[in-house]
Amino acid sequence: NAGVTQTPKFRVLKTGQSMTLLCAQDMNHEYMYWYRQDPGMGLRLIHYSVGEGTTAKGEVPDGYNVSRLKKQNFLLGLESAAPSQTSVYFCASSYSISGSFSYEQYFGPGTRLTVT
Amino acid sequence: GENVEQHPSTLSVQEGDSAVIKCTYSDSASNYFPWYKQELGKRPQLIIDIRSNVGEKKDQRIAVTLNKTAKHFSLHITETQPEDSAVYFCAANGRGSTLGRLYFGRGTQLTVWP
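A few points on the structure.

### Some points on the overall build of chain A
Across its full length, chain A carries zero helices and 13 strands. Ordering the α and β elements of chain A from the N terminus gives β-β-β-β-β-β-β-β-β-β-β-β-β. Reported as C-alpha extents along the three principal axes, the dimensions of chain A are approximately 45 × 25 × 25 Å. For chain A, the residues scored as buried account for 48% of the 116 residues in total. Partitioning the contacts of chain A with sequence separation of at least 6, the portion at a separation of at least 24 is 56%.

Here it is in structure tokens:
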């Protein structure tokens, strides 16, 4: 099992450009999350999904959109990149236990994004 | 939502000494408290977790304690080694609000000097 994978690993964008980050998991997990990590700020939740076709906002959703068309994939889109979106982005997935949240999250390797 | 505060932000210890990192949380309905370790340039990895039906859990040199009355939990690392150097994050699930997510502390940079 590859676990949680993310593409790309690195990306440099110019202000105003758009891009999509892809997260894939092969563990058949129901729940998927997108975080951003900035120095001294910990892991901040951008958006998350509790099932195929459903998404919800986290604490820092502005400027991002997400889609979960397939259970194994969770896409994060930046429509018009801004320098404030320079960050390391982590995807995570989690599973249920007897229909309840386990809350155990498994992280991908991260994507380092720089917006100039 | 839940609010998790973590202290200290940096911690330096001599190899062989113990290290303690503390977190407080605000949502009394939280019942899951994990700790993640993140080495430089790597992903966060779950190292230990505790659910609210127990007060302490150990795994070799690491242990977590939970005080639900005071709403705080701590990570204890004994006999520290240089490879324990990393950023450690605590989290809580905040079941009183939005289900399925974790709320993370801001992290503690632990440095173990040989």
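So that's the structure; there's more coming.
### So, unusual backbone geometry
Omega for the peptide link from Thr-7 of chain A to Pro-8 of chain A comes to -5 degrees, which places this bond in the cis form. Within the secondary structure, Pro-8 of chain A sits in the loop between strand S1 (4-7) and strand S2 (10-13). In the segment running from His-7 of chain B into Pro-8 of chain B, the intervening peptide bond is cis, with an omega of -5 degrees. Take Pro-8 of chain B: it is sitting in the loop between strand S1 (4-7) and strand S2 (10-14). Phi at Glu-79 of chain B takes a positive value of approximately 45 degrees, unusual for a residue other than glycine.

### Description of the pattern of salt bridges
All chains considered together, the criterion is met by seven salt bridges over all chains. Between Glu-104 of chain A and Arg-51 of chain B there is a salt bridge whose closest N-O contact spans 3.7 Å. With one member in each of two chains, Glu-104 of chain A in the loop between strand S11 (100-101) and strand S12 (106-107) and Arg-51 of chain B in strand S5 (residues 45-51) form a pair that bridges those chains. You can call Glu-104 of chain A buried: its relative accessible area is 15%. Linking Lys-57 of chain B and Asp-49 of chain B is a salt bridge whose minimum nitrogen-to-oxygen distance equals 2.9 Å.

### Brief notes about the nonpolar core
The biggest cluster of nonpolar side chains holds 24 residues, and the ones touching the most others in it are Trp-35, Phe-73 and Leu-110 of chain B. Looking at this core, the elements with two or more residues in it are S2, strand S3 (19-25), strand S4 (32-38), S5, strand S7 (62-67), strand S8 (72-77), strand S9 (86-92) and strand S11 (108-113) of chain B.

### Describing the side chain of Lys-37 of chain B
Residue and element names in this part refer to chain B. Note on placement: Lys-37 falls in strand S4. With relative accessibility at 17%, the residue Lys-37 sits in the buried group. Only 3.0 Å separates the side chain of Lys-37 from the backbone oxygen of Glu-83, close enough to count as a polar contact. Those residues in contact with Lys-37 that sit more than four places away from it in its chain are Arg-43, Pro-44, Gln-45, Ile-47, Glu-83, Asp-84, Ala-86, Val-87 and Tyr-88.

### Topic: the sheet that holds strand S6 (residues 56-59) of chain B
Residues and elements named next belong to chain B. If you walk across this open sheet you meet the five strands as S1-S3-S8-S7-S6, and the pairing is antiparallel. Both edges of this open sheet fall to S1 and S6, since each of them pairs with a single strand only. Adjacent strand axes in the sheet meet at a mean angle of 15 degrees, parallel and antiparallel pairs treated alike. Pairing of S1 with S3 involves four bridges; the strand directions are antiparallel. The residue of S3 that forms the bridge with His-7 is Lys-22.

### Regarding the interface of chain B and chain A
Contacts between chain B and chain A engage 20 residues on the former and 21 residues on the latter. Around 1800 Å² of area is buried between chain B and chain A when both sides are counted, 54% of it from carbon and sulfur atoms. Contact with chain A buries area across many residues of chain B, yet Arg-43, Gly-100 and Arg-101 of chain B alone supply 31% of it, more than any other trio. Inspection of the chain B/chain A interface yields two salt bridges. At the surface where chain B touches chain A, the tally comes to five residue pairs in polar contact (both at pLDDT 80 or more). Every element with two or more residues in the side of chain B that touches chain A is listed here: S4 and S5 of chain B. Tallied by class, the residues present in the side of chain B that touches chain A amount to eight nonpolar, five polar and seven charged.

What counts and what doesn't
- Residues numbered from 1 in each chain as written.
- Chains lettered and ligands numbered in written order.
- Predicted model: local features only at pLDDT ≥ 70, side-chain atom pairs only at ≥ 80, totals over all residues.
- Heavy atoms only, no water.
- Helix = DSSP H or I, 4+ residues; strand = E, 2+ residues; numbered from the N terminus.
- Buried < 20%, exposed > 50% of the residue type's maximum accessible area, 1.4 Å probe, protein only.
- Contact = heavy atoms within 4.5 Å.
- Salt bridge = Lys/Arg side-chain N within 4 Å of Asp/Glu carboxyl O.
- Core = buried A, V, L, I, M, F, W, Y, C linked by side-chain atoms within 4.5 Å.
- Polar contact = N/O pair within 3.5 Å; in protein donor to acceptor, adjacent residues only side chain to side chain.
- Pairing = 2+ DSSP bridges.
- Axes fitted to C-alpha atoms, helices over the stretch in contact; angles between N-to-C directions.
- Buried area = accessible area lost by both parts, 1.4 Å probe.
- Nonpolar A, V, L, I, M, F, W, Y, C, P; charged D, E, K, R; others polar.

In short, the description is geometric, and any link to function would need to be established separately.
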